[in-house]
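# Working through the structure, step by step
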Amino acid sequence: MTKPVLVVDDDPALLNVIRLALEHEGYQVLTASDGDRAQAMILDDYPAMVLLDLNMPRLSGWEVQAWMQALHPSIPVVFMTAREQAFDDAERYGAAASLAKPFDIIDLLRVVERFAGPARPA
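These remarks concern the structure in this document.

What counts, and where the lines are drawn
- Residues numbered from 1 in each chain as written.
- Predicted model: local features only at pLDDT ≥ 70, side-chain atom pairs only at ≥ 80, totals over all residues.
- Heavy atoms only, no water.
- Helix = DSSP H or I, 4+ residues; strand = E, 2+ residues; numbered from the N terminus.
- Buried < 20%, exposed > 50% of the residue type's maximum accessible area, 1.4 Å probe, protein only.
- Polar contact = N/O pair within 3.5 Å; in protein donor to acceptor, adjacent residues only side chain to side chain.
- Contact = heavy atoms within 4.5 Å.
- Pairing = 2+ DSSP bridges.
- Axes fitted to C-alpha atoms, helices over the stretch in contact; angles between N-to-C directions.

Time to look at the overall build of the protein. Helices and strands together make up the secondary structure of the protein, namely five helices and five strands. Shown N-terminal to C-terminal, the secondary structure of the protein runs as helices and strands in the order β-α-β-α-β-α-β-α-β-α. Expressed along its principal axes, the backbone C-alpha trace of the protein runs to roughly 35 × 30 × 25 Å. With 122 residues in all, the protein has 48% of them scored as buried.

Structure below.
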């Protein structure tokens, strides 16, 4: 069984679109709408990778990333952000990569395949 991809974003519409796109390709997908839930899922499910929104209420993506760097540095994290300096942020904070919002589904699928491996055959 392949490890799931964890998608963390407080925008329910975007979370759903990403989940549907990845599931359509054959990925197992977990979703979390905040950083607290994301941390619990990382501990319980140890995902193949995390797609992480940075600006969320309560526990931000920045805080989740710092926690992951300390406890689970081997899990690749890809920042999803509208910030213009997304690439620099990813490099500075130890993320594997970044996706600048709005991003193309093709770019999403490429980055997931790069860090989570190919989807399981349908």
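Here we come to the side chain of Asp-34. Structurally, the position occupied by Asp-34 is in the loop between strand E2 (29–32) and helix H2 (35–45). Polar side-chain contacts of Asp-34 include one of 3.0 Å to the backbone nitrogen of Asp-36. At 2.7 Å, the side chain of Asp-34 forms a polar contact with the backbone nitrogen of Arg-37. If we ignore the near neighbours within four places in the chain, the residues touching Asp-34 are Val-8, Met-56 and Arg-58.

This next bit is on the sheet that holds strand E5 (residues 97–100). Spatial strand order, E2-E1-E3-E4-E5: five strands in an open sheet with parallel pairing. Each edge of the open sheet is held by one strand with a lone partner, namely E2 and E5. Taking the axes of each pair of neighbouring strands and ignoring which way they run, one obtains an average angle of 20° across the sheet. The sheet contact formed by strand E1 (residues 5–8) and E2 spans four bridges and is parallel. Bridged to Val-5 within E2 is Val-29.

With that out of the way, let us pick up the environment of Ala-100. Structurally, Ala-100 is set in strand E5. Ala-100 sits in the partly exposed class, given a relative accessible area of 45%. Measuring from C-alpha to C-alpha, the distance between Ala-100 and Gly-26 comes to 24 Å, with 74 residues separating the pair along the chain.

In this section: the environment of Glu-25. Looking at the secondary structure, you find Glu-25 in helix H1 (residues 12–25). Here the alpha-carbon distance between Glu-25 and Leu-109, two residues 84 residues apart in the chain, equals 8.3 Å. Non-local contacts of Glu-25, meaning those with residues more than four positions away in its chain, are made with Leu-109, Ala-119 and Arg-120.

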